[in-house]
Amino acid sequence: MNQMAMPTATASQRCRDIALAALGSLLPAGSAPSTDEARFLQQALAQAGGLLWPQQLTQALALPAAADEALARAATLLGLSAVEILAVALTAAVEDDALTGRILAWMQAPTAGARPTLALLARALAPLLQQPDDLQQAEADTLYALAFGPAVRSGLLLLDDEGRPLCERSLRVAAPIAAALAGVPADWPGSRVRAVQAEAALVDSVPALRAAADRWAASLAATPQATLAMRSASAAEARGMAMAVIERLGGQPAWFDDQLPAGADVWLMLTGRVPVFALQAAPGELAAVPPLPGYAGPVLVTTGLDGGIFRDEAAVADWRIPAPDPATRGALWLAALGDTELAASAAARYRAGVAQISEHAKLAQLLAAGQPSLQTIAEAASMTSAGRALDALAQALPEVVADGALVVNEAVGAELERALQRCAQRERLHAGLGEAARTRACDGVRLLFTGLSGTGKSLAGQWLAARLGLPIYRVDLAAMLSKWIGDTEKNLAELLGRAEHADVVLLFDEADTLFGKRTEIATANDRFANAQTNYLLQRIESHAGIVVLTSNSRNRFDPAFVRRLDFIIDFSAPDAQARRALWQAHLGDASSCDQQQLNRLAALADLAGGNIRNAVLAAAASAQAAGRRLGFDDIAAGVRGEYRKLGRTAPPGL
């Protein structure tokens, strides 16, 4: 075995050295050391005054060595006894001093390892209880004082080997706490360590958010155990805001999810880190901030737009991070794109948040090889993380519907143009109006398209999104609806929150499935169904995005919901003139039909636009299979097929 370096005397010994002296006192008195470990412990005991080592501890606690300042602070805040202070010092020494672990393994061989057991510590530290007349009772008292004292209760000391007898269980100190006791900064293992400096810089680039960070930092600094919950649909934006506040507090963050590992609150206390919890709650639910018994500083929470946040015995300030105004968005787009005209157009079109603008612009740059345009910005809109987050609950509809693809009568066309104007001006619509118009103002637009199947309702929704330059997503109602109480509301809240953040158009086909009429309450199921409908009606009204709902009949909707709609547009079955336009729009120049044959199709085939599309595709398939140009006979066969599908008899002329 290699020769060990012997401990040297100091003006005020470290607690770990005194703990080693206590171990040395367990060696047989007067015996010659037979191993390097024994010689080391005897030397440690001599340096601490021999069997008077408890007096050396008194001096060390009164005037701690520089290396024990963190331990002394923890002892004061947690109310640790002298026994616990030495136990912590020795247990922490194992983590950074291989020699200490070697000595403990030697003393506990062959049953235990390098971490001290409660039995060994109880034997060594029992003299601190000053009960020399009953050494066995003193050891038992010491063992229980360690096992159930504040050091273990707080997580500063952790008991391992669960299932073994208490005296055989070993103690350890979590590595980050050991590092903190040694004055070395270290993140907690498993905590969500993030590089958020860039996100904080984005927040600081917005004057309103910069002022808010100053204000909240001052409030948190002046209020003990203050808690601030910051709401945003963007996790990156909330993280950046949290980092900006913590920077103003002069601290460093510690990122956690919804759980706090044992001892982490003590680590926070020792390091001065500010905890940031990422909590999520469904509508009507409360998410709890984990208990922090050993920590008395500020607490930050990042969360979504729904649910509540609470903390036992502490108030929680709830603040929703505001979206940037048009001028601020313009400045952010300009900084990201470097093109004044393009930045102005993007700011007017996309109601994006701070973090989303940065990501959106980078994607547009990538798609355009460094030369972005409105087209590449539109393509990037559905590729952002905010857009991709909708994929689980809705389906992206990437097809761009041009003006010529939507054939409606003059009245419907005029209504769609009015709806388009409302959507394009929704953000600035309330400015300058009277107080009544500004009260409860919401930037959202809710449209209901009603009519028979195939009359162009869904197509009109896609046309509207294309004219606005926004992505459109069709909602998967099967994914939304749940038999479990509260899950449907949770799904809808998550969908609307993500859609609002991504600034997309939502298309609800057969929307009466979700927003149908409330019923008379005859059973408990009726009560829950009505409560669900009430929530849906309220949530859709407060949604700040554009929602298009389609249904075969407006009479299927609850009257209270109809009042909340901004537009109701009835898509009637096309007349002969509209049908001719539909045939022409679908056939283009691919057919050999003359004007008379088109008129004949329009007059005889009383079909909606969806049926006309199906007939044209079936006819095209037949013509291509035969290797000929699409002709009238192919189209007539397709029409007859559509009539059979509808359970109707085809007109005699077809």
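Conventions we followed
- Throughout, residues of each chain are indexed from 1 in the direction in which the sequence is written.
- It should be noted that, the model being predicted, local features are given only for residues of pLDDT at least 70 and side-chain atom pairs only at 80 or more, the latter also being counted only at that level, while totals for whole chains, interfaces and linings use all residues.
- Neither water nor hydrogens contribute to the side-chain values; these are computed over all heavy atoms in the structure.
- Helix and strand labels come from DSSP, where a helix needs a run of H or I of at least four residues and a strand needs a run of E of at least two; each type is numbered from the N terminus.
- Here's how the labels work: a residue is buried when its accessible area is under 20% of the maximum for its type, exposed when over 50%, partly exposed in between, all with a 1.4 Å probe on protein chains only.
- Whether two residues are in contact is decided by their heavy atoms: any pair within 4.5 Å suffices.
- In this count, Lys and Arg are taken as positive residues and Asp and Glu as negative ones, while His and the chain termini are left out.
- Charge positions come from single atoms, namely NZ of Lys, CZ of Arg, CG of Asp or CD of Glu.
- Axis geometry follows a simple rule: fit a line to the C-alpha atoms, using only the stretch in contact for helices, then measure angles between N-to-C directions, giving values from 0 to 180 degrees.
- For classification purposes, an angle smaller than 35 degrees is called roughly parallel, one larger than 145 roughly antiparallel, one from 65 to 115 roughly perpendicular, and anything else oblique.
- In this scheme the handedness of a crossing depends on how the near helix is turned from the far one: anticlockwise by less than a right angle means left-handed, clockwise means right-handed.
- When residues are grouped by polarity, Ala, Val, Leu, Ile, Met, Phe, Trp, Tyr, Cys and Pro land in nonpolar, Asp, Glu, Lys and Arg in charged, and all others, Gly among them, in polar.
- Strand pairing requires that DSSP identify at least two bridges connecting the strands.
- Note on definitions: salt bridges are taken to be side-chain nitrogens of Lys or Arg within 4 Å of carboxyl oxygens of Asp or Glu.
- How far a helix is expected to stretch is found by multiplying one less than its residue total by 1.5 Å.
- As used here, the arc is the angular range of directions from the helix axis to the C-beta atoms.
- Only the six-membered ring of Trp is used, alongside the rings of Phe and Tyr, when aromatic pairs are assigned; centres must lie within 6.5 Å, and planes under 30 degrees apart are stacked while those over 60 apart are edge-to-face, with the rest tilted.
- Every definition here rests on a 1 Å grid over the protein atoms only: cavities are sets of points where a 1.4 Å probe fits but cannot get out, pockets are open sets enclosed by protein on both sides within 12 Å along at least five of seven lines, and lining residues have some atom within 4 Å of a point.
- Grid points are joined across faces, edges and corners, and a volume is the space filled by probe spheres set on the points.
- As used in this record, nonpolar core signifies buried Ala, Val, Leu, Ile, Met, Phe, Trp, Tyr and Cys residues forming a set joined through side-chain atoms within 4.5 Å.
- Per-residue confidence from the predictor is reported as pLDDT, which spans 0 to 100.

**Topic: the overall build of the protein**
Link 1 in the chain: Secondary structure assignment for the protein yields 31 helices and 15 strands.
Link 2 in the chain: Across its three principal directions, the C-alpha atoms of the protein cover 125 × 60 × 50 Å.
Link 3 in the chain: Split into buried and exposed, the 654 residues of the protein put 49% on the buried side.
Link 4 in the chain: Counting contacts in the protein only where the partners sit at least 6 residues apart, residues at least 24 apart contribute 70% of the total.
Link 5 in the chain: Measuring between centres, the 57 positive side-chain charges of the protein sit 7 Å from its 67 negative side-chain charges.

**Considering the packing of helix 1 (residues 15-24) against helix 2 (residues 36-47)**
Link 1 in the chain: Two elements in contact, helix 1 and helix 2, have axes whose closest approach is 7 Å; the angle formed by their N-to-C orientations is 115°. By the angle class used here, helix 1 and helix 2 are roughly perpendicular. Judged by the twist between their axes, the crossing of helix 1 over helix 2 is left-handed. Between helix 1 and helix 2, the contacting residues are Leu20, Ala21, Leu23 and Gly24 on the first element and Phe40, Leu41, Ala44 and Leu45 on the second.
Link 2 in the chain: Considered class by class, the residues forming the contact of helix 1 with helix 2 number 7 nonpolar, 1 polar and no charged.

**A closer look at the sheet that holds strand 14 (residues 546-551)**
Link 1 in the chain: Reading across from one edge, 10-12-13-14-11-15 is the order of the 6 strands in this open sheet, with mixed pairing throughout. Of all the strands in the sheet, just strand 10 (394-396) and strand 15 (567-571) have a single pairing partner and so form its edges. Along the sheet, successive strands turn relative to each other by an average axial angle of 25°, direction set aside.
Link 2 in the chain: Strand direction decides the pairing type here: strand 11 (residues 445-451) and strand 15, joined by 5 bridges, are parallel. Across the sheet, the residue bridging to Thr450 is Asp570, located in strand 15.
Link 3 in the chain: Each of strand 11, strand 14 and strand 15 touches helix 20 (residues 410-424); the most contacted strand, strand 15, lies at about 155° to it.
Link 4 in the chain: Of the strands in this sheet, strand 10, strand 12 (472-475) and strand 13 (505-508) touch helix 24 (residues 487-502), which is tilted by about 145° from strand 13.

**Side note on the side chain of Asp160**
Link 1 in the chain: Relative to the elements of secondary structure, Asp160 occurs in the loop between strand 1 (158-159) and strand 2 (171-172).
Link 2 in the chain: Exposure remark for Asp160: the relative accessible area of 19% places this residue in the buried category.

**Focus on unusual backbone geometry**
Link 1 in the chain: Residues Ala109 and Pro110 are joined by a peptide bond in cis, for which omega reads 0°.
Link 2 in the chain: You can see Pro110 is positioned in the loop between helix 6 (98-108) and helix 7 (118-125).
Link 3 in the chain: Positive phi values are uncommon outside glycine, yet Asp161 reaches one of about 60°.
Link 4 in the chain: Tracing the backbone shows Asp161 in the loop between strand 1 and strand 2.
Link 5 in the chain: Although it is not a glycine, Ala369 sits at a positive phi angle of roughly 55°.
Link 6 in the chain: Among the secondary structure elements, Ala369 is positioned in the loop between helix 17 (354-367) and helix 18 (374-381).
Link 7 in the chain: Ala369 sits in the exposed class, given a relative accessible area of 70%.

**A look at the pattern of salt bridges**
Link 1 in the chain: This structure, assessed with the given rule, holds 25 salt bridges.
Link 2 in the chain: In this structure, Glu417 engages Arg467 in a salt bridge whose closest nitrogen and oxygen atoms are separated by 3.6 Å. Of this pair, Glu417 sits in helix 20 while Arg467 sits in helix 22 (residues 457-468), placing them 50 residues apart in sequence.
Link 3 in the chain: For Glu417, a relative accessible area of 32% translates into the label partly exposed.
Link 4 in the chain: The partly exposed category is assigned to Arg467, whose relative accessible area is 36%.

**Concerning helix 8 (residues 135-147)**
A turn of α-helix holds 3.6 residues, and therefore any two residues three or four places apart point the same way.
Link 1 in the chain: Between its first and last C-alpha atoms helix 8 spans 18 Å; for 13 residues at 1.5 Å apiece the expected length is 18 Å, and the two agree.
Link 2 in the chain: Turning to helix 8, its buried residues are Ala138, Thr142, Leu143, Leu146 and Ala147. For helix 8, the angular spread of the buried residues around the axis is 165°, confining them to a single face.
Link 3 in the chain: Taken together, the buried residues of helix 8 touch helix 5 (82-96), helix 7, helix 9 (150-153) and strand 1.

**With respect to the packing of aromatic side chains**
For any pair of aromatic rings, the description consists of the separation of the ring centres together with the inter-plane angle of the planes.
Link 1 in the chain: Within this structure, the stated rule accounts for 7 aromatic pairs.
Link 2 in the chain: With 6.2 Å between their ring centres and 15° between their planes, Tyr144 and Phe148 make a pair best called stacked.
Link 3 in the chain: Since its relative accessible area comes to 48%, Tyr144 is described here as partly exposed.
Link 4 in the chain: Plain terms: the ring middles of Phe256 and Trp267 are 6.5 Å apart, the flat faces sit at 85° to each other, and that makes the pair edge-to-face. Placement of the pair is Phe256 in strand 4 (residues 253-256) and Trp267 in helix 14 (residues 264-271), with a sequence separation of 11 residues.

**As for empty space enclosed by the protein**
Link 1 in the chain: The tally for this structure, following the rule as stated, stands at 1 cavity of 30 Å³ or more.
Link 2 in the chain: Lining of the largest cavity is provided by Arg14, Arg16, Ala67, Asp68, Leu71, Val88, Ala89, Ala92, Asp96, Ala178, Leu181 and Ala182.
Link 3 in the chain: Breaking the lining of the largest cavity down by element, the ones donating at least two residues are helix 5 and helix 10 (175-181).
Link 4 in the chain: Of all the elements, helix 5 adds the most residues to the lining of the largest cavity, at 4 residues.

**Concerning the nonpolar core**
Link 1 in the chain: By size, the foremost hydrophobic cluster in this structure holds 145 residues, and its most contacted members are Trp53, Ile177, Leu300, Trp333 and Leu447.
Link 2 in the chain: Looking at this core, the element that brings in the most residues is helix 5, giving 9 residues.
Link 3 in the chain: Not counting chain neighbours up to four residues away, the residues in contact with Ile177 comprise Gly155, Leu156, Trp188, Gly263, Val266, Trp267 and Leu270.
Link 4 in the chain: Membership of the second largest hydrophobic core comes to 28 residues, among which are Leu393, Leu448, Met480 and Val547.

**What to know about the confidence of the model for the protein**
Link 1 in the chain: With 91% of its residues at a pLDDT of 70 or more, the protein has an overall mean of 84.
Link 2 in the chain: Ignoring residues within four places in sequence, the model shows residues 6-10, a span with pLDDT below 50, making 9 contacts including any to other chains.
Link 3 in the chain: Confidence over residues 518-528 falls short of pLDDT 50; this stretch has 13 contacts with residues more than four positions distant or in other chains.

**A word on the sheet that holds strand 4**
Link 1 in the chain: The parallel open sheet is built from 5 strands, whose spatial order is 4-5-7-3-9. Edge strands, defined here as strands with exactly one partner in the open sheet, are strand 4 and strand 9 (316-320). Between one strand axis and the next, the sheet turns through 20° on average, direction left out of account.
Link 2 in the chain: Direction of pairing for strand 4 relative to strand 5 (residues 274-278): parallel, over a ladder of 4 bridges. Paired with Pro253 across the two strands is Val274, which belongs to strand 5.
Link 3 in the chain: Where helix 14 meets the sheet, it contacts strand 4 and strand 5, and its direction lies at approximately 165° from that of strand 4.

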